[in-house]
Each structure stands twice: as C-alpha cells, then as structure tokens.
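What follows is the residue order along each chain.
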Amino acid sequence: MTINGWLQIALFAVLIVLVTRPLGAWMHAVFEGKRRFLGILETGIYRLAGIDERREQHWTAYAAGMLLFSAVSIVALYLLQRFQASLPLNPMGLGNNSVDNSFNTAVSFVTNTNWQSYTPETTMSYLTQMVGLTVQNFASAAVGIALAIALARGFTRRQSGTIGNFWVDLVRGTLYVLLPLSIVAALLFVWQGVPQNFSAYVDATTLEGATQQIAQGPVASQEAIKMLGTNGGGFFNTNSAHPYENPTPLSNLVQMVLIFCLGAGLTNTFGRMVGDQRQGWAILGAMAALWLGGVALAYSAESAGNPAFAQFSVDQSAGNMEGKEVRFGIAASALFATVTTDASCGAVNAFHDSFTPLGGMVPLINMMLGEIIVGGVGAGLYGMLLFVVIAIFIAGLMVGRTPEYVGKKIEAREVKMTILAILCLPLAMLGFTAIASVIEPGLAGLANAGPHGFTEMLYAYTSGAANNGSAFAGLSANTPWYNYSIGIAMLIGRFLVILPMLAIAGSLAAKKIVPASSGTFPTHGMLFVVLLVGTILIVGGLTFFPALALGPIVEHLAMQAGTLY
Amino acid sequence: MAPKRRTSLLDPALLAPAVGGAFQKLDPRTLARNPVMFVVAVVAALATVLTVRDAVAGQSILFQAQLVVWLWLTVLFANFAEAVAEGRGKAQAATLRRTRTEAMARLVGRTEQIPATQLKPGDCVVVVAGELIPSDGDIIEGVASVDESAITGESAPVIRESGGDRSAVTGGTRVLSDRIVVRITAAQGSTFIDRMIALVEGAERQKTPNEIALNILLAGLTLIFVLATVTIPSFAAYAGGSVPVIVLVALFVTLIPTTIGALLSAIGIAGMDRLVRFNVLAMSGRAVEAAGDVDTLLLDKTGTITLGNRVAVAFIPAIGEGEVALAEAAQLASLSDETPEGRSIVVLAKERFGMRGRELGGDTLRFVPFTAQTRMSGVDIGERRIRKGAADAVYGWVRSLHSNFRVPADVEQAVSDVAKAGGTPLVVSDEARVLGVVHLKDVVKGGIRDRFAELRRMGIRTVMITGDNPLTAAAIAAESGVDDFLAEATPEAKLALIRKEQAEGKLVAMCGDGTNDAPALAQADVGVAMNTGTMAAREAGNMVDLDSDPTKLIEIVGIGKQLLMTRGSLTTFSIANDVAKYFAIIPAMFAAIYPQLNVLNVMRLGSPESAILSAIIFNALIIVALIPLALRGVRYTPKSAASLLTRNLLVYGVGGVVVPFIGIKAVDLVVRAVGLA
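Note that the structure is predicted; figures quoted are calculated from it, not measured.

### Some remarks on the UniProt feature "active site" (unreviewed entry) in chain B
Right, on to step 1. Per the UniProt record, "active site" (unreviewed entry) is annotated on B:Asp300.
Right, on to step 2. Mapped onto the fold, B:Asp300 is located in strand S11 (residues 296–300).

Next comes the structure, spelled out in structure tokens:
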C-alpha cells in the first residue's frame, strides 16, 4: 500500500461527501415537486399517458404500477433481442439473440443488474443497445429512486393512506435527476476520449502485422447512465477496463463518483424528508464505515500480492497486477471493485477473478450484505433502511420502549416484511449455489477447480440476486442453466425485496409520528452507526460465513501455504 | 395472596415443581407456541432417530448421543425457565383459590341463604359483620369496615360506604363491622378474584405486541440460519467431502437465537409478576408494555404531587384587625370542622398563640357545617356569627348582613397573594367585619421534584391534574417541577387532554378512582384504577392498584420499561453470541475437508468433536445461567435513552460477543478433562 494509493481513496471519499448535500437537496426538491424546469414536457407526458399527477397511490397501487412497468419492460426488451436482425441500426448484421440469453438479459437490465453473460460487441445491435439496454439503464434506475422515495414517504407521512404516485416519481426521477446528470457526464467522457458514433467497426493493423477489428458505437452516452444509474452493463465485454469505456485515471475517478453520488445524495434526501439531516448522515456514516473496511481489506490484499510468485523471481512489490489495467494500478482497481459492489453497479475496471482470494472476497461480501453500502440508486437506501429496521428492533427494546425510527413505531408487520425481504437474498444466493455445485450443468461452467471454482459460482448467484451484475469472470455463464437460474435469482433479488419493502412503506405511512424526546432511541449519532454496522455484519455476514469459509477464506489459507487453484 | 411475603427468586419450593413442568411442556402443542424452541425440539427428535439408527447399525454413537442429550436439555432448560416464571404465579393463585368465597348469600328481603355461586348481577344481598362478601358489588346502603387482606395483603381494614367513590366491594373480602346492602355487579367466574387468579396464573396470557414482533424476528432469523446450514452439504460435496447430519444440527441449533427464544416467555411472565408483587394487577400484558412506552403522565395533584391535605401556615390580618383576633375567630370557626384543613387551622392557632378550643367562651356554640352551596363553615356564638370560607362566598355573606359592604383592598391583596403563591386563601369574618385571611398551603411531597427531573431525563412529560384555579395550579406546578398542569380539571377536560396527547402520537398514563374518571381511564393507554375506587373506574382501567397509591404510576412505567429492556438486552446478547459459535464449529465441521481452516479455531479448542460439543453445551447452559436475569429483569436506572443504550450495548452487545469465546473455551477444557470428547 502506498501514500499515493490512500490519497486516491481519500480524494474519492471527499468528493462523495461534497456532492451528497447538493444532490440530496436537489432530489428532495424534485420529488416534492418544487423543481420543474421541464414542466411542459412533464405535464405533456402525464397527459399523453393519462396520469393524474395529483392522485396519490396506496402502496399496493404503487407496487402494481412498478410491477406492470417492469413486466412490460422485460417483454419489450426480450422481443427486441429476438428480432434485432430484422431491425435497423445493425451495421454489423448481428443475428437474433438466443432464447435463454434474451430472457437473462431482459431480466438483467430491467432489474438494474446488468449481468451480461454475452459479449456485447458481437451480440447486441446498436438499436438493442440504445433503445433497449440504455433505456432500461434509465428506467430501472428511476424505478429504484422512486421506490426509495416511496419508502421515505412512509417514514414521513402521518396517518396517510398513500405513498406517492409511481408514475410521477418515475418521470421526475428520469427528467430531473438522471437525464441532466447523464448529459453532463457523457460530455465529460467524450472530452476524455470516449467514442460516441454509429460507425461500423474499424479494422486496424497491429504492430505485429495482424488485423484487429475495433468496435465502435455510442459509448459515452451509455457509459454515463451505466455509472450514474448503478447499472454497470458495459458497452464492451471488458467493461470499464476497456480503453474506449474508461480511457484515463480521471475518467476512472469520475466513473466511481458517478456510481456513489446518487446513492449518497439519497441519504441526505431521506434526512431532509424526515426533517433531520443528521438521520441521513448517520446512515451514510454506517455506509462509509463498511466501505472503508472493504477498501482497506481489498487494497491490502491486492498490494500484498501472491506469495507463490516469490519462487519465480517475479517482482511483487507493486502487488497483484494480474487482471488489472496499468493505467489504474492497485489502489484505483481495489477501490473500483469495492465501490462497484458496494453499490449495485457491477461495472468493473479490473478482473475480480484475478484478485487475490481476500481481495475478491470483498466484492462478494459487499453484495451478500445486499448492496446497502451506498448501494444501487434507491435500492441501497431502501436496503439499508431494512437493516435499520432489524437493528432498531433488536437493540431498540434496550432503551425500554417499543422500537421506533424517526418517529415511527416498528411493530410486528414491519418486522415480518423486513424478514421476508432480507430472507430472499440468502435464499437465492446460497440456494442456487448449493444446487449448481452438485449438478452437471452447474459444474460444467467452471474455469477453475477447488475453492476458486466454488467462489466463481457463488459470485455469479450473489451478483445476480444482489442485482449487481459484476462478473467474477472465469465462469462460462452463457448456458441455458446459468441464464435461466441467474435470471430467476435476479427476479427474486429485485422484486421479492421490493414488495415487502413497499408494504412497510404503506404500513408506516398509516402510523402516527411519535414526537422525539430524550427517551427516544437516538438514531443520529455515532452509537447508532456502530449498532447498525454491528447488526449488518452479524445478521448479514454470519449468514454467509460457511460459504465464505469454503470459498475465498480457505483459498487464501491455501495460497499462504503455496497451493493455488 | 400471601400478605407481603416476598418469595425469593429461585425458591426451592418453586423450583421442584418447575422441573416437572419442564417435562410437561414437551407436549408439542405447548412447544408450538414458541417457534424457536419448537424447531430445536424437531431437530432434536430427528437427531435422536438418526442416532438410534446408527446404534442399531452398530456404529459408535458416543459423540452423537451426547449431542442428542444436550439438544434435549436445551429444550428442557427453556421449558424450565418458563415453568419457574409461572411457578410464583401458580403459588399465588392457589392461595387466592383457598380464600375464594364458598360463602352463602342472603338476598334482601329473604331469610334463607343461597350459595354465592347462584348470584346474578343486579341481585341485592345483605352482609353483616363477620361475613364474607359473596361477590363483587356496590354498597347501596350502609357503611362498614372491610378486611381486604385477601386481595391486597394489607391487614388494616378499610371503610366502605354507599354513595361516593368508596362504594365498591370485592367478593372474598370480609365485613368486620356493621351491616351493608350490596348490589352484585359481577357474574360468577368474572369477579375480581377470578380475574386475579387467571392473571397471576398466566392462564389468559396472550402474547403482547412486542413479543409477537420479536417472535417473528426470531423465527425469521431461524429461517435464515436454516438456509445457511442446509446449503452446507452440497458445498461440502463440491469440495469432495461430507458433513454428518448431527454436526449440521449442532451448528444450526447454536446459530438460531435459542437463548432469547428460550427466555422470551419467562421474561414476559416475570414482568407481569413484578407488577403483581408490587400490588398492581395488569389486566393484560399489553398494558405493561404500553407502560414502558408512555410519553405523558397525568398525575393527580392531591396525594401524588402534594400531601393529601392542605395545611394552614399563616394568619394575615386585615388592616386594623389583630392577628390574635383573626386566629381566635378562625379557630372557633374550625372547631367543628373535621376536615384536615380545619384541624390544621386549630393546630396553627394553638401553636402560634397557645389557644385551646375549650378555653373559649361559655355561650352556646352552634356550629355551621360546610356545604357545597354555601362554601363556608363557621360557628354562631349566641348572636355572634363567625364564618370562614372561599373569599367570594364570605364577601357575599357579609354583604347579606351589611348591604354597603366593600371589600377592603388589603384583604383583596392578601387573597390574591396567597393564591399566587399556590395557597388557598380562606377569608374569616366576624359579623360584618372581615378579620383577615388564613393561608392554606399545599405541601409538595419531599423528593417529588427529583422524580420529575428523572422522568424528564427519560423523556416523559408530567402533567398535574388539579381542580384548583390556574393561578394556584401554576404556583404548585412551579414548586413541584412538574412540566405542565391542567387546572380546574373536569372529567371532560381530562378526556380532551388525553385525546389531544394521543393525537400527537403520544401514549398517556393516568390513574383515577372516581366514576367520573372512568371515561379518561378507558381512553388512556395505561389507566391505573385505585382499588378503593368505584367499580366503574376499576372496569375502565387496564390496571388496578391494590394499594391505591397514585404515586405508583411512576414505578409502573419503570417496570414496563424494565420488561422491554430485558427482552431487548437478551435478544442482543443472544444474537451477538453467534460470532463465537461460528468460530467454534466451522473449523471443526470442515476439519476433514480443509484442515487449513483450523486457523479460524481462535479458541484453540481441543478437537473437532470437543469444539462442537462445547458449543452446544455452552448454548444450553447459558439459558440456565440467564434465568435469574430473565426473571429479575436487567438493572434499570432512569436515564436518557442514549445513556441506557450505551450501557446496554456495552454489557449485552459487546459482552454477548466476548462471553461465549470464554465460555466455550472453558467448557472445552472441562469436556476434555472429563474425557467426553
């Protein structure tokens, strides 16, 4: 580890803290309906779609809207892939995508996962990328933000039957948050050298005299929302390690900031909505503690390198550079891997499969915890609030009152729904890994033996269920088994978390608000941060301890003893 | 109820039946009420079957059999905890049953007696000295002293009389003197004593809202750990090994929150029991929980904040009148006044001027008693008419004697000064002369100010309820340190105040005794009815204080909080325990497949078998070790939530992580020393 490396990490942290307040205030104003600089466009959309923007919805109607929107999106995206060969904007004449991969990809982009088991530049036409995938990059992110706002409304409303209007939240999130920021970010990327064109692929002659085909396309526009919306689906197969996607250290820093900025901002929006910004900072504080732990572990593991190389007189002083880009180096790669899995982005600028066992365990744990460390746009906040409910309920009784959070009593219904939501992640992650690790189609996809191969499977299902979409690589996932099973894991991880979460929003909104007093459980200070982090690590972490022990932990111990897989 | 006898926490007389109770509770129908322990029993049964199968197959089952025994012990310890908690209540119920009346009742106007069990609500019965009151009712005629020790444990008799707020009598209590006619109000089986028996016995025990929520959480955590353990065999198979089912069962049972699962119902029962021993009957566990959540306490001024009686502290003569003359007139007017206020005037005059009542005058004295209409009392000595009373009443009286009477400015001033100081001014007149003012003072109880400060630190707002005028109320409120007051309180105003607080999301506690308190008692989240109160009040509240001490409201809140804190602390402890258990079992479990994982064996446990056995033994023994804490409740000091949380997180959170590391290591040393594994 170097001072320079830590400075890069610190610079990133400072930038996130700096953008949190302005973005939080902005989103607060947007969702309160106070910022409507595209008012004509907005009301035009409502009129076109027949939406009464003043009519608020019960949580069930809100959920129905969200489900309907997602279902239509999945079907549309599926059909687009199945018929792309006959559609325009396909200069390379790419064929129709397979049934199982079209299903997987449709689910993947609609659930904000952006797991890609295909190679984009040889599979998806420009039309599919733009009208299908990029549109879902916006839509799935806007859905996430809308849901977080809906849950926050649950905490702020007083004896109310409604939690907002899904369609209005969706439109506002897209128009006033995602679009403007994406345009600015895309221009920044173009400045840094990211292409934005509709050209056919270019043939180049390499130094060795071989011919190489260099893919082109509208990269910058997709890159912006890929990060901002914590989607992570790359335009190219190698994602943000590709020089066209992420050409410079500056673009790399901007990409990481884009991943975290909306998630961090939403904590502040939440604080503003509940009338106490400290509540938002406390949540961000817990996120920051978990983030820092992850970065420190990943950075130190990657810096330490692989002891087995010592005998080959390979210089390991720079750390483990296998699978990393030299323009980013150890610190920026370890940081990127942590950030992309803290949030549900899943973009990668280095290959997690090539990380040291402990370095690779960090992204895995981040996702297993449910991507609540800043997290996916919206999803991170509502995921974290579910853990808040658990933490408050376990420890809240210790102050001698029925547990309450920002004035809302946490009772049987909230606990039940939270448990349902939290339960489905280990169900999908561990359940599918357990099946895959004993059946032929599951084992067939592995590139490595032993604990490393196990980690490849575990990572794939964890990434899918957590709606991250980053790949550990190494696993050949474009097979019917993996396409379908990961597709189902993604659906479980998205919608089976959202539905109970919205039910909580509905039941909280209907409650009274208990005024805070000195007898109230304090949820805005260090003590609460410590409690929350402890609960997350014990309840979230312990669930996965056996699996981690059999994967990265034992692999690390074996590596120390000189055995590699 | 055994009068004031404090049974010790783990009385041998209670422990022995509890052991039997632990086995009786193995009934699946009983176990099913507790999801966590039910699951433990199911896997213990499964492990038993597997062990028997292996034994039949001729395999060595020494290790397996030990695990099975400890699994069953885990269930039994949980049952035992519940049985111990119930034990004390059962003993009390037995005592109550013995005192329950088998008495005969004599209906009014009939000579023959009928069994009390045949009484219907609305019947009127006659009860004379020495007889048991056959059932609950209201006295409609007569006055009697009643021995209520059967329910309150207090041997001093109380006076019950028809009309007013002391008309209620309880079945099973004994009339010591006089004769009363009682109108029966309760049907057999739903009398106060029947309900008491059901309550202390726990027969009607229903899970409280927090308990239900906590049970859901525990069941959810159990499900999560089901996932964590059932997936292990295929992970192990991938790695080319296998894990015996019994080891998986051991890991599962140690991970699920057995500690809190085992003690949860014991904590609830013990909480109710603490109230019972405090001579407060909660009609539901919900009420006890609500007591912990209370945000606003409505406290009656008299008896809670001030000593029951106002005391005369000064004579303020009008200009031109002597203090001695005033004292003498005031004493004369109070001679027949049996109220404590009246007596305190006599006493003050005696103390200040050595006046004794009997030294006064030889003329015929005719006493004029206080009535609600005149709001005055006094004495006529021959033609001389002395009156004392509320200022405007006395002014009116003097004006009736002397039509052009004008109130002297200095008297007016004195009256308002006394009122502003929180006192009650009594004006004394002798014929048409206004002699001056007697200052009656409410004496604020010692230490009450600190109590209110304590409550404030806990985030509880106190509101004083008083019939006094706002000026007087404000002065007493300031002196006692209460947060707010409701002056000139009527039952309607009280009800409105409760509704207003509740609309703001607050929980309100109050106590009351009169029939006119009933609506407010019913509306309040915690309504403590005084045992001396009317039947209507006792029906409306959700707690009854057998000692009829309104100050207890403060302690009731404390008991409610302690109950919730005990639950929270043991939940935190239970979940924090899992960290150490993982470190004990995971390396042992995979020892054959990945010996490298022994690095995680940070406790350096002797062998895989001893590690697993130690974890399961610790897991069972910690239940027993925590029974006293569950029954007694965690230490409760009235502090702010933040400092309570800091302390409890340190003790039960951090302690919960650390203790099992030490405990499992210790058990492991013993297990190996004894040679169990």
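Structure shown, so let's carry the discussion forward.
### Points about the sheet that holds strand S8 (residues 174–175) of chain B
Residues and elements named next belong to chain B.
Right, on to step 1. Strands sit in the order S6-S5-S8 across an open sheet of 3 strands; the sheet is antiparallel. At either margin of the open sheet sits one strand with a lone partner, and together these are strand S6 (158–161) and S8.
Right, on to step 2. As judged from the 4 bridges shared by strand S5 (residues 143–147) and S6, these two strands associate in the antiparallel manner. Bridging across to S6, Ala144 finds its partner in Arg160.

### Some thoughts on the pattern of salt bridges
All names here are of chain B.
Right, on to step 1. In this structure the tally under the stated criterion is 50 salt bridges over all chains.
Right, on to step 2. Where Lys552 meets Asp545, a salt bridge forms, and the shortest distance between an N and an O atom there is 2.8 Å.
Right, on to step 3. Bridged by salt links that share partners, the residues Arg461, Asp484, Glu501, Glu504 and Lys506 form one connected network.

### Quick look at the environment of B:Lys301
All names here are of chain B.
Right, on to step 1. Tracing the sequence through the fold places Lys301 in helix H12 (residues 301–305).
Right, on to step 2. Each C-alpha atom of the pair Lys301 and Glu328 lies 31 Å from the other, and the pair is 27 residues apart in sequence.
Right, on to step 3. Setting aside its immediate chain neighbours within four residues, Lys301 contacts Thr306, Asp442, Met464, Ile465, Thr466, Asp468 and Ile476.

### Focus on the packing of aromatic side chains
Residue and element names in this part refer to chain A.
Right, on to step 1. Summed over all chains, the structure comprises 29 aromatic pairs over all chains.
Right, on to step 2. Ring centres of Phe155 and Phe270 lie 5.8 Å apart, and the angle between their planes is 85 degrees; on these two criteria the pair is classed as edge-to-face. Separated by 115 residues along the polypeptide, Phe155 in helix H6 (residues 126–156) and Phe270 in helix H9 (residues 249–273) bring together distant segments of the chain. The same class applies to Phe155 as to Phe270, namely buried.
Right, on to step 3. With 5.3 Å between their ring centres and 75 degrees between their planes, Phe235 and Phe236 make a pair best called edge-to-face.
Right, on to step 4. Three or more aromatic residues link up through ring pairs in this structure, and these residues are Phe155, Phe270, Tyr405, Phe521 and Phe528.
Right, on to step 5. Stacked on the ring of Phe355, the Lys or Arg Lys324 has its end atom at 4.3 Å from the ring centre.

### Considering the packing of helix H13 (residues 323–334) of chain B against helix H14 (residues 340–353) of chain B
Residue and element names in this part refer to chain B.
Right, on to step 1. H14 packs onto H13 with a crossing angle of 145 degrees between their chain directions and a minimal axis gap of 8 Å. Taken as a pair, H13 and H14 cross one another with a handedness that is left-handed. Across from Glu323, Val324, Ala327, Ala330, Gln331 and Ser334 in H13, the residues of H14 making contact are Gly342, Ile345, Val346, Ala349, Lys350, Arg352 and Phe353.
Right, on to step 2. Residue classes in the contact of H13 with H14 are distributed as 7 nonpolar, 3 polar and 3 charged.

### Observations concerning helix H14 (residues 412–436) of chain A
Right, on to step 1. Here H14(A) contains 25 residues, and its C-alpha end-to-end distance of 36 Å stays within 8% of the 36 Å for a straight helix at 1.5 Å per residue.
Right, on to step 2. A large share of H14(A) lies buried, amounting to 20 of its 25 residues.

### Some remarks on the sheet that holds strand S4 (residues 137–141) of chain B
Residue and element names in this part refer to chain B.
Right, on to step 1. Pairing is antiparallel in the open sheet, where 6 strands are placed in the order S2-S1-S3-S9-S4-S7. The sheet is open, and its two edges are formed by strand S2 (114–115) and strand S7 (168–169), each paired on a single side.
Right, on to step 2. In terms of strand pairing, strand S1 (residues 104–107) meets strand S3 (residues 124–128) through 2 bridges, oriented antiparallel. Each residue of the ladder has a partner; that of Arg106, found in S3, is Val126.

Conventions and cut-offs
- Residues numbered from 1 in each chain as written.
- Chains lettered and ligands numbered in written order.
- Predicted model: local features only at pLDDT ≥ 70, side-chain atom pairs only at ≥ 80, totals over all residues.
- Heavy atoms only, no water.
- UniProt positions renumbered as here; feature names shortened; annotations may be inferred.
- Helix = DSSP H or I, 4+ residues; strand = E, 2+ residues; numbered from the N terminus.
- Pairing = 2+ DSSP bridges.
- Salt bridge = Lys/Arg side-chain N within 4 Å of Asp/Glu carboxyl O.
- Contact = heavy atoms within 4.5 Å.
- Phe/Tyr/Trp six-rings, centres within 6.5 Å; stacked < 30°, edge-to-face > 60°.
- Buried < 20%, exposed > 50% of the residue type's maximum accessible area, 1.4 Å probe, protein only.
- Lys NZ or Arg CZ within 6 Å of the ring centre and 35° of its normal.
- Axes fitted to C-alpha atoms, helices over the stretch in contact; angles between N-to-C directions.
- Left-handed = near helix turned anticlockwise from the far one by under 90°.
- Nonpolar A, V, L, I, M, F, W, Y, C, P; charged D, E, K, R; others polar.
- Expected span 1.5 Å × (residues − 1).

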